[in-house]
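Listed below are the residues making up each chain.
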Amino acid sequence: MAEQGLLVLFGSQTGTAQDTAERVGREAQRRHLRCRVQALDSCDLANLIHEPLVVFVCATTGQGDPPDNMKMFWRFLFRKSLPASSLCQLDYAVLGLGDSSYPKFNFIAKKLHKRLLQLGGNPLLPVALGDDQHDLGPDAVIDPWLVALWEKILALYPLPPGLEIISPDVRLPPKYTLHYLPEDSPDPEGALLQPAAPRGAPCELQPFPARVVSNQRLTAQAHFQDVRLIEFDIAGSGITFSAGDVVMIQPQNCPEDVQQFCQLLRLEPHRRFVLEPTEPGTSLPPLLPQPCTIQYLVTHYLDISCVPRRSFFELLASFSTNELEREKLQEFSSAQGQEELYSYCNRPRRTTLEVLWDFPHSTCAIPADYLLDLIPRIRPRAFSIASSLLAHPERMQILVAVVRYKTRLSKPRRGLCSTWLASLNPEQGDVRVPLWVKKGGMKFPADPATPVIMIGPGTGVAPFRAAIQERVALGRRGNCLFFGCRHQSKDFYCQREWEELVTKGFLTLFTAFSRDQEEKVYVQHRIRENGKLVWELLSSDNAHIYLAG
């Protein structure tokens with residue numbers, strides 16, 4: 001065991017499961033256990049049979065689906081050909097993260113636990129089911145479960161004589177050390193930040209830098225919501241997609257936030273550095289060039305606009321030299337302080353940068369080595385593709401509602417990706433957006449005779465615009481669209497396009513403008529009014545129904 005150590009594998013969509021897996025890793029370090037923390041899909045599955053001890057931390061997404069970074073593992077695990085005794089040497093524990101307001105609550109964790117059991121694994125504990133709906137969030141389940149887990153593990157693998165569990169007051173070493181390069185060393189900045197020529201299909205580790213062709217506001221200037229139709233040039237990328245597919249976009253922080261962050265932490269934006277893993281065998285962050293500038297790290301990698309998690313406060317408290325600030329940070333990172341943390345951070349959607357402003361003494365004491373432990377990386381955002389290659393070859397369009405809302409904080413909250421995309425102006429030169437495509441969950445019928453009923457209020461109409469363009473290009477007629485928005489004159493996206501297709505006989509269109517009359521009218525009212533037609537399409541013509549919000 002001393003040789004192999006503990007393996008912690010996570011399947012994470014939004015970062016919560018990864019954050020929890022890293023917490024397990026830190027607690028293992030405090031117990032002098034060698035520990036590796038990896039995404040399930042980056043683990044060598046053939047070696048799983050040789051692992052003595054594995055902790056799985058898995059989220060459930062959508063309608064009981066596995067997160068993207070465990071899909072390959074999931075397919076592998078459910079192969080019929082795996083012998084029933086494959087994992088008879090494995091001690092394991094499964095921690096699930098879910099939301100009990102969904103019908104398939106923690107479906108992936110439950111199914112994983114059962115499958116590992118079928119393959120001969122030995123569970124150390126019953127499966128734990130963390131619930132976002134609990135007053136204290138998933139921690140209400142995680143905290144006591146971890147106490148029980150370490151009891152079991154230390155009974156199997158006791159601490160070597162003379163070693164104690166490292167106290168929570170002792171700060172663990174950072175994952176990487178950051179070595180500044182001499183200021184006069186040659187600056188490869190230009191070469192370093194140029195997008196590399198893509199090898200193979202673009203993907204998360206190698207996105208395609210697509211040029212922004214146009215960025216058009218579709219809503220009236222007076223309308224409260226800013227919605228954009230943005231077009232990208234994907235010529236030469238090797239990207240193909242069909243209706244229902246999704247484009248992943250890697251956003252970046254705005255220059256003002258980057259500047260503020262560097263000032264708060266007293267960082268020099270143009271200083272160059274290289275990263276070195278503290279533990280041999282730890283791989284470097286794949287999306288960071290080596291060497292790299294502080295400016296690049298903060299702009300493209302550190303998610304300074306996300307709402308920080310409990311682990312952030314725990315680590316920040318360990319740097320604090322100010323007693324008052326340290327006490328508050330420790331309270332926020334304690335089990336008892338979770339309700340207060342929720343009302344300070346989660347409810348008003350306070351960002352990491354804003355929290356750092358609130359704790360200035362602690363913030364200026366943050367060592368640069370710990371930046372990557374303290375702040376997670378910026379995650380890519382998914383958008384439904386709103387165009388078809390058959391109608392717009394070598395182009396891709398998306399419909400983006402710019403996220404902006406008020407909480408009790410004086411400054412409006414803004415969506416990182418949508419605000420950045422809306423700010424891009426292709427008339428100011430060569431503007432690029434890193435992107436790649438993922439298969440979507442919507443499949444449109446292969447049989448040209450099958451009619452399609454699409455219900456897409458607001459920006460939910462995006463995938464249906466792609467489908468309608470595709471079907472019209474193939475000469476397919478049975479297209480029926482229910483579209484809803486607030487006002488015909490303010491947010492009726494792509495109105496001219498729909499009306500043209502109606503005139504040509506390619507589209508049957510029903511609209512619901514909820515605020516244009518006294519009583520509110522929504523798409524469901526239009527469906528009910530046209531129930532006879534909808535039923536006829538379903539019962540006689542085997543129509544497919546699609547719904548997007």
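In this text, all values refer to a predicted model and were calculated from it rather than measured experimentally.

Caption draft 1: Structural context of the packing of helix 15 (residues 462–473) against helix 16 (residues 495–503). Contact geometry for helix 15 and helix 16: axes closest at 12 Å, N-to-C directions at 35 degrees. In this structure, helix 15 crosses over helix 16, and the sense of that crossing is left-handed. Seen from helix 15, the contacting residues are Arg465, Ile468, Gln469 and Val472; seen from helix 16, they are Glu497, Trp498 and Leu501. Of the residues belonging to the contact of helix 15 with helix 16, the class tally is four nonpolar, one polar and two charged.

Caption draft 2: Representation of a positive patch on the surface in the model. A contiguous patch of positive charge, built from Arg404, Lys406, Lys411 and Arg414, is present on the exposed surface. The topology assignment puts Lys406 in the loop between strand 15 (404–405) and strand 16 (413–414).

Caption draft 3: Region of the structure containing the packing of aromatic side chains. Scanning the entire structure with this criterion turns up 12 aromatic pairs. Centre to centre, the rings of Phe313 and Phe332 are 5.4 Å apart; their planes meet at 70 degrees, and the pair counts as edge-to-face. A residue pair is termed long-range when its members are at least 10 positions apart, and Phe313 in helix 8 (residues 310–319) and Phe332 in helix 9 (residues 323–332) qualify at 19 residues. A residue is classified by how much of its surface remains accessible, and Phe313, at 0% relative accessible area, is buried. Judged by its relative accessible area of 3%, Phe332 falls in the buried class. Ring centres 5.5 Å apart and planes at 20 degrees place the aromatic pair Phe483 and Phe492 in the stacked group. Judged by relative accessible area, which is 0%, Phe483 ranks as buried. By the ring-pair criterion, three or more aromatic residues cluster together here, those being Phe312, Phe313, Phe332 and Tyr344. Here the basic side chain of Lys111 rests over the ring of Phe78, its NZ or CZ set 5.0 Å away from the ring centre. Its end group placed over the ring of Tyr370, Arg171 keeps NZ or CZ at 5.4 Å from the ring centre.

Caption draft 4: Spatial organisation of the pattern of salt bridges. For the structure shown, the criterion picks out 25 salt bridges. Two residues, Asp68 and Lys438, come together in a salt bridge whose shortest N-O distance is 2.5 Å. With Asp68 in the loop between strand 3 (53–59) and helix 2 (71–77) and Lys438 in strand 17 (residues 432–438), this pair connects stretches of sequence that are 370 residues apart. Classification of Asp68 as partly exposed rests on a relative accessible area of 30%. We note a salt bridge from Asp143 to Arg310, for which the minimum N-O separation is 3.2 Å. Of this pair, Asp143 sits in helix 4 (residues 139–156) while Arg310 sits in helix 8, placing them 167 residues apart in sequence. Here the two residues Asp143 and Arg310 agree in accessibility, since each one is buried.

Caption draft 5: Structural context of the UniProt feature "domain: FAD-binding FR-type" (unreviewed entry) in the protein. This chain's UniProt record puts "domain: FAD-binding FR-type" (unreviewed entry) on residues 205–445. When the span residues 205–445 is considered, its composition is 29% helix and 21% strand, and the gap between its end C-alpha atoms is 32 Å.

Caption draft 6: A look at the environment of Lys532. Structurally, Lys532 is set in helix 18 (residues 531–539). Measuring from C-alpha to C-alpha, the distance between Lys532 and Tyr546 comes to 18 Å, with 14 residues separating the pair along the chain.

Caption draft 7: Region of the structure containing the environment of Phe107. Along the chain, the position of Phe107 falls in helix 3 (residues 107–118). In this structure, the C-alpha to C-alpha distance between Phe107 and Leu129, residues 22 residues apart in sequence, is 9.6 Å. Once residues within four sequence positions are removed from consideration, Phe107 is found in contact with Thr60 and Gly64.

Caption draft 8: Expanded view of the domain arrangement of the protein. Each domain of the protein was delimited in the assignment, giving domain 1 (6–156), domain 2 (208–252 + 380–438), domain 3 (255–374) and domain 4 (452–547). The C-alpha-based centres of domain 2 and domain 4 are spaced at 23 Å. With 20 residues of domain 2 in contact, the opposing surface of domain 4 contributes 18 residues. Carbon and sulfur atoms make up 67% of the surface buried where domain 2 meets domain 4, a total of about 1,600 Å² over both sides.

Caption draft 9: The arrangement of the side chain of Arg476 in detail. Turning to its location among the elements, Arg476 is positioned in the loop between helix 15 and strand 19 (479–485). Here Arg476 is buried and forms no salt bridge, its nearest opposite-charge partner Glu470 lying at an N-O distance of 6.5 Å. For Arg476, the contacting residues outside a window of four places in its chain are Pro445, Ala446, Pro448, Arg471 and Phe506.

Caption draft 10: The arrangement of the packing of helix 1 (residues 16–30) against helix 4 in detail. Viewed as axis vectors pointing N to C, helix 1 and helix 4 meet at an angle of 30 degrees, and their least axial separation amounts to 12 Å. For the element pair helix 1 / helix 4, the angle class is roughly parallel. In this structure, helix 1 crosses over helix 4, and the sense of that crossing is right-handed. Facing Thr20, Arg23, Val24, Glu27 and Ala28 of helix 1, the residues of helix 4 in contact are Asp139, Ile142, Asp143, Leu146 and Trp150. Per-class residue counts for the contact of helix 1 with helix 4 are five nonpolar, one polar and four charged.

Cut-offs used in this document
- Starting from 1, residues in each chain are numbered consecutively following that chain's sequence as written.
- Per-residue local features are limited, in this predicted model, to residues with pLDDT of at least 70; the limit for side-chain atom pairs, both in listing and counting, is 80 or more; totals at the level of whole chains, interfaces and linings are taken over all residues.
- Heavy atoms from the whole structure form the basis of all side-chain values; hydrogens and water molecules are not counted.
- What counts as an axis is a line fitted to C-alpha atoms, over the stretch in contact for a helix, and the angles between N-to-C directions run from 0 to 180 degrees.
- What counts as a helix is a DSSP run of H or I of at least four residues, what counts as a strand is a run of E of at least two, and both are numbered from the N terminus.
- With the far helix as reference, a near helix turned anticlockwise by less than a right angle produces a left-handed crossing, and one turned clockwise produces a right-handed crossing.
- Contact criterion: two residues are considered in contact whenever any of their non-hydrogen atoms come within 4.5 Å of each other.
- Three classes are used, and their members are as follows: Ala, Val, Leu, Ile, Met, Phe, Trp, Tyr, Cys and Pro are nonpolar, Asp, Glu, Lys and Arg are charged, and the others, Gly among them, are polar.
- Patches draw on residues past 30% relative accessible area with no salt bridge. Two like charges within 9 Å are joined, as are two nonpolar side chains (Val, Leu, Ile, Met, Phe, Trp, Tyr) within 5 Å.
- Residue-level accessible areas treat just the shown protein chains as cover; the underlying method is Shrake-Rupley with a 1.4 Å probe.
- What makes a salt bridge here is a side-chain nitrogen of Lys or Arg within 4 Å of a carboxyl oxygen of Asp or Glu, nothing more.
- Positive charges come from Lys and Arg alone, negative charges from Asp and Glu alone, with His and the N- and C-terminal ends not counted.
- Lysine's charge is taken at NZ, arginine's at CZ, aspartate's at CG and glutamate's at CD.
- Note on aromatic pairs: the rings of Phe, Tyr and Trp (six-membered ring only in Trp) are paired at centre separations within 6.5 Å, and the planes decide the class, stacked below 30 degrees, edge-to-face beyond 60, tilted for the rest.
- Relative accessible area decides the class of each residue, using a 1.4 Å probe on protein chains only: under 20% of the type maximum gives buried, over 50% gives exposed, and in between gives partly exposed.
- The rule is short: NZ of Lys or CZ of Arg within 6 Å of the ring centre and within 35 degrees of the ring normal puts a charge over the ring.
- UniProt positions are given in the numbering used here, feature names are shortened, and annotations may be inferred rather than shown by experiment.
- Segmentation of the chain into domains, including their bounds, is taken from an automatic or database domain assignment.
- Throughout, the accessible surface (probe 1.4 Å) given up by two parts as they are put together, summed over both, is called the buried area.
- By the definition adopted for this analysis, an angle is roughly parallel if under 35 degrees, roughly antiparallel if over 145, roughly perpendicular if from 65 to 115, and oblique otherwise.

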